[in-house]
Amino acid sequence: MVVAAQPNAIFPEHFLRRSAEYILSQQLADGAIPWFSGHYADPWDHVEAAMGLSIAGELGAAEKAYQWLAQRQLPDGSWWAAYRDGKVDNRERRESNFVAYIATGIWHHYLISGEREFLLRFWPVVEKALDFVLALQSEYGDIQWAVDADGVPMQDALITGCSSIFKSLECGINIAHTLGIERSDWVEGRRILGVALRERPERFDRTWESKARFSMDWFYPVLTGAVSGGGARRRLQKKWDEFVVAGLGCRCVNDEPWVTVAESCELTMALLAAGEPGKALKIYRALHRWQDRDGGYWTGYVYRDSAVWPEEKTTWTVGAMLLAADALAGLTPASTLFTRVNLLDAPQDAEGFHHLDQLELGGVQR
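Residues numbered from 1 in each chain as written. Predicted model: local features only at pLDDT ≥ 70, side-chain atom pairs only at ≥ 80, totals over all residues. Heavy atoms only, no water.

Engineer: So what exactly am I meant to see when it comes to the sheet that holds strand 4 (residues 146–148) here?
Structural biologist: Sheets are built from strands paired through backbone hydrogen bonds, the pairs being either parallel or antiparallel. Here three strands make up an open sheet; going across it, the order is 3-4-5 and the pairing antiparallel. Only two strands of the sheet have a single partner each, and these edge strands are strand 3 (93–95) and strand 5 (153–154). Note: strand 3 against strand 4, three bridges, orientation antiparallel. Along strand 4, the bridge assignment pairs Glu95 with Ala146. Strands strand 3 and strand 4 of the sheet are contacted by helix 4 (residues 96–113), whose axis makes an angle of about 45 degrees with strand 3. (Pairing = 2+ DSSP bridges. Helix = DSSP H or I, 4+ residues; strand = E, 2+ residues; numbered from the N terminus. Contact = heavy atoms within 4.5 Å. Axes fitted to C-alpha atoms, helices over the stretch in contact; angles between N-to-C directions.)

Shown next as structure tokens:
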């Protein structure tokens, strides 16, 4: 049974506790957080769920999740695409944005816990992961999306994946700065990646059909800070009618009648980053209708058929719900991670024109 929505509240009563309990109910004894019981875990979605645990105050369980990743990191700093029941489930590739995302999770957890020892313990993991990722960066700034089973780079780049890496590099730079470690190469790698995302569209989707039908390609550059200020608002407005279904949320793709909860949560945070809190709140409040009585959220809804689909309650969807709740309500010290760029060791003019846009955005949010 689906829980009735509460239109006048940001989230329902006991939302944090019930959401955390759902993720905890799916977490395995070794710390892995699969999509749902019996399914595989992948490094990116595992981190998304772990961040949800941190927001809900389940710091021990979140640290156990990060330790699970640390124990499975390969010598070159990467992870395989998926794991199941303690074993590798997909040895076909290692995806760069999956590898980078641990930096986001570790920084997020530190912002909430304030434990420097935690940063020190996981610094070698983050450093190896981001070094692996930046080794895949082209001279134009884009980052190859994966390496194959033999470690050979798969030569193309994804807007969504590179946008996610852009945020992970911000977090990695902040971790290094907090620990007093100089990584100017990461700062430069992030800078030219941002240029590629803003100014070099030809570097993406070179060898396959464009991914522009996916909503994430639309809002992820805003969500992760690659595009900010007035540029962010213009970008979101341009395809608003293409992806947003009034009263329901954000479509996953523009050619299917399917809204998804996680994409709607991420759009919520992108709207906050762009200085559109009214739109953000309106979208987010409508999502609680998809929470089941066990605290989980259904992945999506096919409005043409009036049907929940797929019939799965993924842990990363609950993680996204918790991240958006934090962004809206300021529940933790990590609440602005996805709504504001805060590069600790960046020179004041490091972002050039786009940095000025960010200062404008900061003013709006305050």
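And the narrative resumes.
Engineer: Just to check I follow, could you spell out the packing of helix 3 (residues 59–72) against helix 5 (residues 116–134) for this structure?
Structural biologist: When two helices pack together, their arrangement is given by the angle between the helix axes and by the axis-to-axis distance. Helix 5 packs onto helix 3 with a crossing angle of 25 degrees between their chain directions and a minimal axis gap of 10 Å. Put simply, helix 3 runs roughly parallel to helix 5. Read as a crossing pair, helix 3 and helix 5 show a hand that is left-handed. Contacts from Glu63, Tyr66, Gln67 and Ala70 of helix 3 reach helix 5 at Phe118, Arg121, Phe122 and Val125. Taken together, the residues of the contact of helix 3 with helix 5 sort by class into five nonpolar, one polar and two charged. (Parallel < 35°, antiparallel > 145°, perpendicular 65-115°, else oblique. Left-handed = near helix turned anticlockwise from the far one by under 90°. Nonpolar A, V, L, I, M, F, W, Y, C, P; charged D, E, K, R; others polar.)

Engineer: Explanation requested: the nonpolar core in the structure shown.
Structural biologist: The nonpolar side chains of soluble globular proteins are, as a tendency, buried together. Among the nonpolar cores identified, the biggest contains 109 residues, and Tyr66, Ile106, Trp218, Phe219 and Leu267 are the most heavily contacted of them. With eleven residues, helix 5 is the single largest residue contributor to this core. (Core = buried A, V, L, I, M, F, W, Y, C linked by side-chain atoms within 4.5 Å. Buried < 20%, exposed > 50% of the residue type's maximum accessible area, 1.4 Å probe, protein only.)

Engineer: Just checking my understanding: could you explain the packing of aromatic side chains for this structure?
Structural biologist: The full count for this structure, using the stated rule, is 18 aromatic pairs. Their ring planes at 5 degrees and their centres at 4.2 Å tell us that Trp44 and Tyr101 sit as a pair that is stacked. With Trp44 in helix 2 (residues 43–55) and Tyr101 in helix 4, this residue pair connects regions lying 57 residues apart in the sequence. No difference in accessibility class separates Trp44 from Tyr101, as the two residues are buried. Within the aromatic cluster, the residues linked to one another by ring pairs are Trp218, Phe219, Tyr220, Trp240 and Phe243. If you follow Arg213 out to its NZ or CZ, it ends over the ring of Phe214, 5.0 Å from the centre. Of note, Lys313 hangs over the ring of Trp298, and the distance from its end group to the ring centre comes to 4.9 Å. (Phe/Tyr/Trp six-rings, centres within 6.5 Å; stacked < 30°, edge-to-face > 60°. Lys NZ or Arg CZ within 6 Å of the ring centre and 35° of its normal.)

Engineer: Honestly, unusual backbone geometry in this entry has me stumped. Any pointers?
Structural biologist: Apart from glycine, the bulk of residues carry a negative phi angle, and the bulk of peptide bonds sit in the trans form. Residue Trp309 is joined to Pro310 through a cis peptide bond whose omega torsion reads -10 degrees. Examined against the element boundaries, Pro310 turns out to sit in the loop between strand 10 (307–308) and helix 13 (315–329). Not every positive phi belongs to a glycine, and Asp85 is a case in point at roughly 55 degrees. Along the polypeptide, Asp85 turns up in the loop between strand 1 (82–84) and strand 2 (87–90).

Engineer: Would you explain the sheet that holds strand 8 (residues 258–260) in this entry?
Structural biologist: Taken in spatial order, the three strands make up an open sheet running 8-9-10, and their pairing is antiparallel. Of all the strands in the sheet, the pair left with one neighbour each is strand 8 and strand 10. The pairing of strand 8 with strand 9 (residues 300–302) spans three bridges and is classified as antiparallel. Within strand 9, the position partnered with Thr260 by the bridge is Gly300.

What is shown is where atoms sit, not what they do.
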